[in-house]
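Chain by chain, the residues:
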Amino acid sequence: MAKVKLLVTAEKFDEVFSIDDWFNIDKIPQNVLYGKMLEFVVDENDQPVTTEQAREMFKGVPRKEWMSYVSDFMS
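This section reports on the structure supplied with the text. (Residues numbered from 1 in each chain as written. Predicted model: local features only at pLDDT ≥ 70, side-chain atom pairs only at ≥ 80, totals over all residues. Heavy atoms only, no water.)

This paragraph deals with the overall build of the chain. Regarding its fold elements, the chain presents five helices and two strands. Principal axes of the C-alpha set define a box for the chain whose edges measure 35 × 25 × 20 Å. In the chain, which comprises 75 residues, the proportion classed as buried is 31%. By sequence separation, contacts in the chain at least 24 residues apart represent 58% of the contacts at least 6 residues apart. Here the chain displays about 5,400 Å² of accessible surface, and carbon together with sulfur accounts for 53% of that area. In the chain, 9 positive and 14 negative side-chain charges are present, and the distance between their average locations comes to 8 Å. (Helix = DSSP H or I, 4+ residues; strand = E, 2+ residues; numbered from the N terminus. Buried < 20%, exposed > 50% of the residue type's maximum accessible area, 1.4 Å probe, protein only. Contact = heavy atoms within 4.5 Å. Areas by Shrake-Rupley, 256 points an atom, 1.4 Å probe, with all protein chains shown as cover. Lys, Arg positive; Asp, Glu negative; His and termini not counted. Charge placed at Lys NZ, Arg CZ, Asp CG, Glu CD.)

Structural data, given as structure tokens:
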């Protein structure tokens, strides 16, 4: 299955994350971070997908790849 693509922009990040989230980003529980990351998933044309579509896409991702997604998302 293809890798799930995340497109993080400053504008979108500022919409999804609160000031408190930003100051405490290293303390956000993984399940909460996952929920926020779903907002940044795009299709092959870099168009945003729905949260439901993003969840379906992540269902094909092995757990061992989770940290690489978190690392990519945070960088």
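Additional details are given in the paragraphs that follow.
Another point: the environment of lysine 27. The topology assignment puts lysine 27 in the loop between helix 2 (19-23) and helix 3 (30-37). Taking the relative accessible area as the measure of exposure, lysine 27 reaches 59% and is therefore exposed. With 10 residues separating them along the chain, lysine 27 and phenylalanine 17 place their C-alpha atoms 13 Å apart.

Tallied over the full model, the rule gives four salt bridges. With its nearest N and O atoms 2.4 Å apart, the salt bridge here joins aspartate 46 to lysine 5. Of this pair, aspartate 46 sits in the loop between strand 2 (41-42) and helix 4 (51-58) while lysine 5 sits in strand 1 (residues 5-6), placing them 41 residues apart in sequence. Since its relative accessible area comes to 31%, aspartate 46 is described here as partly exposed. The exposure class of lysine 5 is partly exposed, given its relative accessible area of 38%. (Salt bridge = Lys/Arg side-chain N within 4 Å of Asp/Glu carboxyl O.)

Here helix 5 (residues 66-74) has its buried residues at Trp66, Tyr69, Val70 and Phe73. Buried residues of helix 5, seen end-on, are gathered within an arc of 100 degrees and therefore sit on one face of the element. Turning to helix 5, the residues buried within the fold contact strand 1, helix 3 and helix 4. (Arc of directions from axis to C-beta.)

Moving on to the environment of leucine 38. Tracing the backbone through its elements, the reader meets leucine 38 in the loop between helix 3 and strand 2. Along the chain, leucine 38 and valine 49 lie 11 residues apart, while their C-alpha atoms are 8.7 Å from each other. Non-local contacts of leucine 38, meaning those with residues more than four positions away in its chain, are made with Thr51, Ala54, Arg55 and Phe58.

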